[in-house]
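# Observations on the model geometry
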Amino acid sequence: MEIKWIAHACFHIILEDQTSLVFDPFQGIGYEIPAIQADLVFVSHQHADHNAVEKLKGNFKVFDRPGFYQEKGVEIEGITSFHDKEKGKRRGTNTIFKVSAEGLTLVHLGDLGYIPGEDIFEKLRGVDVLFIPVGGVYTIDAKEAFEICKILEPNLIIPMHYRTPGLLVKIGPLQDFIDATGEYFDRSSQRKNKIVYSVEKKKKRPRIILLENSF
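To keep things clear, this report deals only with the structure shown in the data block. (Residues numbered from 1 in each chain as written. Predicted model: local features only at pLDDT ≥ 70, side-chain atom pairs only at ≥ 80, totals over all residues. Heavy atoms only, no water.)

### A short note on the overall build of the chain
In terms of helices and strands, the chain carries three helices and 14 strands. Radius of gyration (C-alpha) of the chain: 16 Å, near the 17 Å computed for a compact globule of 215 residues. In terms of principal-axis extent, the alpha carbons of the chain reach across some 40 × 40 × 35 Å. Taken over 215 residues, the chain has a buried fraction of 55%. A total of about 9800 Å² of accessible surface is found on the chain, and carbon and sulfur atoms cover 46% of it. For the chain, the centre of its 28 positive side-chain charges and the centre of its 30 negative side-chain charges are spaced 3 Å apart. (Helix = DSSP H or I, 4+ residues; strand = E, 2+ residues; numbered from the N terminus. Rg over C-alpha atoms; globule rule 2.2 N^0.38 Å. Buried < 20%, exposed > 50% of the residue type's maximum accessible area, 1.4 Å probe, protein only. Areas by Shrake-Rupley, 256 points an atom, 1.4 Å probe, with all protein chains shown as cover. Lys, Arg positive; Asp, Glu negative; His and termini not counted. Charge placed at Lys NZ, Arg CZ, Asp CG, Glu CD.)

Spelled out as C-alpha cells, the structure:
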C-alpha cells in the first residue's frame, strides 16, 4: 500500500487493487485539500479540520461512527474515545479507526485527547501503522503520545496534527515529540510525503517515520 500524508490529520492510502482510503479530510486550516478520488472515507469527529468530505471526489462511503464494518475487502472497527480529558465534556467524542487490509493493521487516532484505558489499548494491540497526534492543545501532547507508543509498540509510528508552515491551527511543533521520544524508537526522515509499505517491508523494531506534508 501507498501511505501519503496530505496535511494535519489527513492521510490518503492507496491499496494494491487501487482502493482509495482517506482519513480526516480538512478545510479552513490554511491549506487547500486536493480533489482526491476516494472510495472509503473516515471521519474521526465533526470538526471542519477533520470532516470536509465534500472536498473529495468519487462515489465514496463515509465512516464516522463506532462499529464494525467490512467494505471492498477492508475490515474496519470504529472505537469510541474522547476529544479531551473530561470524557468529552469540552470537545465531544472521537472515533479511533482500526483498519485492516493486505495483511496489515492501521490505526488512526483522530483527535484523541487523553491516554485511554486498557479496554481501548487491548483493541489496538498488534497495530502495524499508528497515525498519532502529537501537537497538544486540542489533542494529546508529545509526552502523552510517547506513552501511548510505548504501550502499543506499533511497527511504524507516523506523527500528525502538529505545527507546520502555513497551518492556521495553533498547536505544538514536531520537535516536542522528537525530544520526548529521544532514542527510544528507531527513526527515519523520509523527506517526502509518502511511503510504500507491505508485510514484507515490516521493520524489526518500532520506527518513527517522519513524512513531509503535501504542501
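### Some thoughts on the packing of aromatic side chains
For the structure shown, the criterion picks out 14 aromatic pairs. Measuring from ring centre to ring centre gives 4.7 Å for F23 and F42, while their planes differ by 20°; the resulting arrangement is stacked. Placement of F23 in strand β3 (residues 20-23) and of F42 in strand β4 (residues 40-42) is noted, with a sequence separation of 19 residues between them. Under the relative-accessibility criterion, F42 is labelled buried at 1%. Centroid distance F23 to F131: 6.1 Å. Interplanar angle 35°. Geometry classified as tilted. Of this pair, F23 sits in strand β3 while F131 is found in strand β10 (residues 129-133), placing the two residues 108 residues apart along the sequence. (Phe/Tyr/Trp six-rings, centres within 6.5 Å; stacked < 30°, edge-to-face > 60°.)

### Digging into the side chain of S44
Within the element layout of this structure, S44 appears in the loop between β4 and β5 (61-63). Among the residues examined, S44 registers a relative accessible area of 3% and is labelled buried. Among the polar contacts made by the side chain of S44, one reaches the side chain of H45 at a distance of 2.8 Å. Apart from residues lying up to four places away in sequence, S44 is in contact with D24, H50, T93, N94, T95, F97, G110 and D111. (Polar contact = N/O pair within 3.5 Å; in protein donor to acceptor, adjacent residues only side chain to side chain. Contact = heavy atoms within 4.5 Å.)

### Examining the pairing of strand β6 (residues 67-71)
Looking at chain direction, β6 and strand β7 (residues 74-82) are connected through five bridges and run antiparallel. The partner of F68 across the bridge, within β7, is E77. Here β6 folds back onto β7 in antiparallel fashion, the turn holding two residues, of which K72 has a positive phi close to 50°. (Pairing = 2+ DSSP bridges.)

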